[in-house]
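Summary of structural features
Here are the chains, one letter per residue:
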Amino acid sequence: IPLATGYETMLALAWISMAVALISVKRIPVIMPLGMIVAGASLLVAMMGTRNPAVGSLMPVLGSRLLSLHVMLVMTSYSLFAILALLSLVSLSSMRQVGRMSLVADVLLTPALFLLGAGIFVGAIWAEQSWGRYWGWDPKETCALITLLVYAVPVHRASIPMFRRPRPLHIYLLLAIASVLFTYFGANYLLPGLHSYA
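Residues numbered from 1 in each chain as written. Predicted model: local features only at pLDDT ≥ 70, side-chain atom pairs only at ≥ 80, totals over all residues. Heavy atoms only, no water.

Description of a nonpolar patch on the surface
To keep it simple, the criterion reads: For patch building, the residue pool is restricted to those with more than 30% relative accessible area and no salt bridge; the joining distance is 9 Å between like charges and 5 Å between nonpolar side chains (Val, Leu, Ile, Met, Phe, Trp, Tyr). Method for areas: the Shrake-Rupley scheme with a 1.4 Å probe, in which residue coverage is limited to the protein chains shown. Salt bridge criterion: a side-chain nitrogen from Lys or Arg within 4 Å of a carboxyl oxygen from Asp or Glu. Working definition: with a 1.4 Å probe on protein chains only, accessible area under 20% of the residue-type maximum means buried, over 50% means exposed, and in between means partly exposed.
Side chains of Leu 181, Phe 182, Phe 185, Tyr 189 and Leu 190 sit close together on the surface and give an oily, nonpolar patch of about 510 Å² of accessible area. According to the relative accessible area criterion, Phe 185 is partly exposed, its value standing at 31%.

Written out as structure tokens, the structure reads:
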């Protein structure tokens, strides 16, 4: 599966966002335009990345089947997090539906968090096979862990009273997308590490 470069992962994000929107549209009608926005933004970023494409052979470490599973799990979670951020933006701009939107956020947050955790776990297995260690505190690994922790906070609504109210939950989810953006773009393109080839 072509998922080894930044261009390919952005295309995957667009496909995943549309698939999530199409699968969920009957139960959550508002998700279709949000999925289309995420897909469009992903395609725009992918197009911007093709201006100066570097053609060459892949690194041997990128030939693993675990790579495809790892990237698909993580990109699916990123897609859900992006849809959650847009959902929060819509909810905050239209206070009439804020309660209903928080229920939708609850429905999307748990699978997104699970998929990110599973992606990190599969990535650790892949890292052990490729580099001989499960975890190496690479900038991308560390940023992914921070993103997991950031999104784990609102899942514990029972013990954090602030997140029982819809408005603070949506503000938090809207701000939390910054951790996803930095994990993908910052750790891939700005910080040196084993994941810098994306």
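Looking at the packing of helix H2 (residues 31–48) against helix H3 (residues 65–93)
So the rule is basically this: Geometry is summarised by axes, namely lines fitted to C-alpha atoms with helices restricted to the contacting stretch, and by angles between N-to-C directions that run from 0 to 180 degrees. Each helix corresponds to a stretch of at least 4 residues labelled H or I by DSSP, and each strand to a stretch of at least 2 residues labelled E; elements are numbered beginning at the N terminus. Angle categories: roughly parallel below 35 degrees, roughly antiparallel above 145, roughly perpendicular from 65 to 115, and oblique for all the rest. Here is the rule for handedness: rotate from the far helix to the near one, and if that takes an anticlockwise turn smaller than a right angle the crossing is left-handed, while a clockwise turn gives right-handed. When checking whether two residues touch, look at their non-hydrogen atoms; a contact exists if any pair is within 4.5 Å. Each residue is assigned to one class: nonpolar for Ala, Val, Leu, Ile, Met, Phe, Trp, Tyr, Cys and Pro, charged for Asp, Glu, Lys and Arg, and polar for all the others, Gly among them.
Between H2 and H3, the shortest axis-to-axis distance is 9 Å and the interhelical angle comes to 125 degrees. In this view, H2 runs oblique relative to H3, as classed from their interaxial angle. When you trace H2 past H3, the crossing you get is right-handed. Together, Ile 31, Leu 34, Gly 35, Ile 37 and Val 38 of H2 and Ala 82, Ile 83, Leu 86, Leu 87 and Val 90 of H3 make up the contact between the two elements. Of the residues contributing to the contact of H2 with H3, the split by class is 9 nonpolar, 1 polar and no charged.

Structural notes on the confidence of the model for the protein chain
To be explicit about the condition: The predictor attaches a confidence to each residue, called pLDDT, with possible values from 0 through 100.
In the predicted model, the protein chain carries a mean pLDDT of 82, and 83% of its residues have values of at least 70. No element of the protein chain has a lower mean pLDDT than helix H6 (residues 166–190), which averages 85, and none a higher one than helix H5 (residues 139–152), which averages 90.

A word on helix H1 (residues 6–24)
Heads up, the rule is: To estimate the expected span of a helix, count its residues, drop one, and scale the result by 1.5 Å.
In a regular helix each residue adds 1.5 Å, so 19 residues correspond to 27 Å; H1 covers 27 Å between its end C-alpha atoms and thus fits that length. Listed as buried for H1 are Gly 6, Thr 9, Met 10, Ala 12, Leu 13, Ala 14, Ile 16, Ser 17, Val 20, Ala 21 and Ser 24.

Quick word on the packing of aromatic side chains
Note the following rule: Note on aromatic contacts: the rings of Phe and Tyr and the six-membered ring of Trp form a pair at centre separations within 6.5 Å, being stacked when their planes are under 30 degrees apart, edge-to-face when over 60 apart, and tilted otherwise.
Across all of its chains, the model carries 4 aromatic pairs by this definition. Between the aromatic rings of Phe 81 and Tyr 151, the centroid separation amounts to 3.8 Å while the plane-to-plane angle is 15 degrees, which identifies the pairing as stacked. Remark: Tyr 151 occurs in helix H5 and Phe 81 occurs in helix H3; sequence separation between them is 70 residues. Here Phe 81 matches Tyr 151 in class, with each residue buried. Ring centres of Trp 135 and Trp 137 lie 5.5 Å apart, and the angle between their planes is 85 degrees; on these two criteria the pair is classed as edge-to-face.

Some points on H5
In this model H5 runs 20 Å from its N-terminal to its C-terminal C-alpha over 14 residues, within 8% of the 20 Å that 1.5 Å per residue would give. For H5, the full list of buried residues reads Lys 140, Glu 141, Cys 143, Ala 144, Thr 147, Tyr 151 and Ala 152.

Some details on the nonpolar core
The cut-off we apply is this: Here, the term nonpolar core denotes a set of buried Ala, Val, Leu, Ile, Met, Phe, Trp, Tyr and Cys residues that are joined through side-chain atoms within 4.5 Å.
Core analysis: the largest hydrophobic core is formed by 47 residues, its most contacted members being Met 75, Tyr 78, Phe 81, Leu 84, Leu 87 and Tyr 151. Elements represented by at least two residues in this core include exactly H1, H2, H3, helix H4 (98–131), H5 and H6. Top element by residues in this core is H3. It accounts for 14 residues. The contact partners of Leu 87, leaving out residues within four places of it in the chain, are Val 30, Leu 34, Met 101, Val 104 and Ala 105.

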